[in-house]
Amino acid sequence: MKKSENPDKLPMGKFLAWKTRDISAGTMNVIVIGYLTIFCTDTLGMNAALVGTLLMVSKIFDGIPDLFAGYLIDNTRTKWGKARPYELSVIGLWICTVLLFFTSPAWSSTVKTIWIFVMYTMVFSIFNTLLNANQSPYMIRAFSNNQRVIAKVSSYGGIISMAGIMGVSISFPLLMAKLAVSTVGWRALILIYAIPMAVLGIMRFFFVKEDSSVDAGTSERVHFREIAKMLKRNKYCLIYALISGLYQLSTGFGAGTYYFTYIIGDISKFSIVNLCSIVLLPIMLFFPLMMKKIKVADLFSIFSGIAVIGYIIVFFGNKNFSVVLAGVLLTTLLNLPLGYLGTLVVMQLASYNEELGLPRMESSSSVVAGFVSKIGAGVGAGLCGILLGASGFLSSTSGNGVIQPESAVMMIRCLYSILPGICAVLIIFLSVVLRKMEKELGMKN
């Protein structure tokens, strides 16, 4: 067989085009999840508990469109394919993200509250929901349902995504320290990222087509009763959803900006943490080889265990930047398998659905995990605000010169280490259960 005929070869052009939207959507997550709360409390002067409650309520509402998104995509048939048309949602995603940070501190408390809720809900409940729901079915069809190729896209692509997102994670705090000292500065800061990322994010739609042969002979519609059967009979769908939810809960706390502002005392050092995380990228190169001997669920367990150690180090590191840095690097390892190997689990869930006599329902399987993930992220953001408010955190319209009470300082430490560490421990136990699915499907090491 000629090299050009190798079905397991990963086309470089398609691969790079595929990653454009991942970087774009990932950038939005970094900005909104990481900085919206502190923007609301330290620039808009909103009460931390109120902000947390708003985000939590929005995420709970978020679950409703999630369930319909999977049904919608599983039943879509267009000349562009099943999932590809929904890539256009990235445009709406960035428009609403910009509007979110264009909230004015001069508005009344009621107007600010309504505006933040509506824009945040549009970002995550509508546009991000459609992008999350189309990710796995689009990938499966873009790369012809070839698990070896998809494993390469997920692993090697994780390097591209992390590098791109890390560039944002490094640069944003630096620019934030210089620009985000006023409402006008925040607006300029968001536009610096939003405009190029919106353009980059739409590239996948134009350059990556679906392989129509994947759907050959499977044109029947998926009904809600079949989705209900999947939830009842495929326990692993719910197990993976809980894993995803706990992972998003741990990242949803979003306490890093508070930690480096009020514990370390220098938000710009948050960039150093993200910069040092680059050393972890080469690990992704070994994932395809590791997966020949280690099951995906086992990778979840291993990296979660390492993260637990990291969270312990962060807590006891307290104000010592070097120790905290070492701990954060270990916690970041959790992002590698859980953030980039999800499509492989969705493929297994779809195969298990077929074993149960059900349609594959890749999108619906993915959406169940996405639904719980969003609930987890919302609960994390909500708990961050609510717990900070309960601990006596002091909001302001400037964010400068505020001395937080010791109770608030301790809460920030817990939100950045203890609570996400508990999530990682729970992920370990759930991953042990998920491993049984791979064994039942006859996937030998």
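Small disclaimer: the values here were computed from a predicted structure and weren't measured.

## Focus: the packing of aromatic side chains
Under the counting rule described, the total for this entry stands at 22 aromatic pairs. With a centroid separation of 5.1 Å and 50 degrees between ring planes, the pair formed by phenylalanine 39 and phenylalanine 101 is classed as tilted. Taken as a pair, phenylalanine 39 in helix α1 (residues 12–42) and phenylalanine 101 in helix α3 (residues 89–101) lie far apart in primary sequence, 62 residues in all. Each member of the pair, phenylalanine 39 as well as phenylalanine 101, carries the same accessibility label: buried.

## Notes on the side chain of aspartate 42
Assignment of secondary structure puts aspartate 42 in helix α1. Buried within the structure, aspartate 42 lacks any salt-bridge partner; lysine 112 is the closest side chain of opposite charge, at an N-O distance of 12 Å. Within the structure, aspartate 42 has its side chain in polar contact with the side chain of threonine 41 (distance 3.0 Å).

## Points about empty space enclosed by the protein
Unoccupied space between atoms shows up once a probe the size of one water molecule is rolled over them. Here the structure, examined in full by the defined rule, presents four cavities of 30 Å³ or more. Val32, Ile33, Thr37, Leu55, Tyr120, Gly252, Phe253, Gly254, Ala377, Ala381 and Cys384 together form the lining of the second largest cavity. At the level of elements, α1 and α17 (362–390) are the ones that each hand at least two residues to the lining of the second largest cavity. Residues of the lining of the second largest cavity, tallied by class, amount to eight nonpolar, three polar and no charged.

## What about unusual backbone geometry?
One can expect most non-glycine residues to show negative phi and most peptide bonds to be in trans. Phi is positive for asparagine 318, which is not a glycine, with a value near 50 degrees. Looking at where asparagine 318 falls in the secondary structure, it is placed in the loop between α13 (296–317) and α14 (321–332).

## Considering the confidence of the model for the chain
Averaged over all residues, the pLDDT of the chain equals 86, while 94% of them reach at least 70. The least confident element of the chain, judged by mean pLDDT, is helix α12 (residues 287–290) at 77; the most confident is α3 at 96.

## Here we look at helix α16 (residues 342–355)
In a regular helix each residue adds 1.5 Å, so 14 residues correspond to 20 Å; α16 covers 20 Å between its end C-alpha atoms and thus fits that length. Extensive coverage of α16 is indicated by the burial of 11 of its 14 residues. Phi turns positive one or two residues past the end of α16, at glycine 357, with a value near 80 degrees.

Criteria and thresholds
Residues numbered from 1 in each chain as written. Predicted model: local features only at pLDDT ≥ 70, side-chain atom pairs only at ≥ 80, totals over all residues. Heavy atoms only, no water. Phe/Tyr/Trp six-rings, centres within 6.5 Å; stacked < 30°, edge-to-face > 60°. Helix = DSSP H or I, 4+ residues; strand = E, 2+ residues; numbered from the N terminus. Buried < 20%, exposed > 50% of the residue type's maximum accessible area, 1.4 Å probe, protein only. Lys, Arg positive; Asp, Glu negative; His and termini not counted. Salt bridge = Lys/Arg side-chain N within 4 Å of Asp/Glu carboxyl O. Polar contact = N/O pair within 3.5 Å; in protein donor to acceptor, adjacent residues only side chain to side chain. 1 Å grid on protein atoms, 1.4 Å probe; cavity = no way out; pocket = protein on both sides within 12 Å on 5 of 7 lines; lining within 4 Å. Points joined across faces, edges and corners; volume = space filled by probe spheres on them. Nonpolar A, V, L, I, M, F, W, Y, C, P; charged D, E, K, R; others polar. pLDDT = per-residue confidence, 0-100. Expected span 1.5 Å × (residues − 1).

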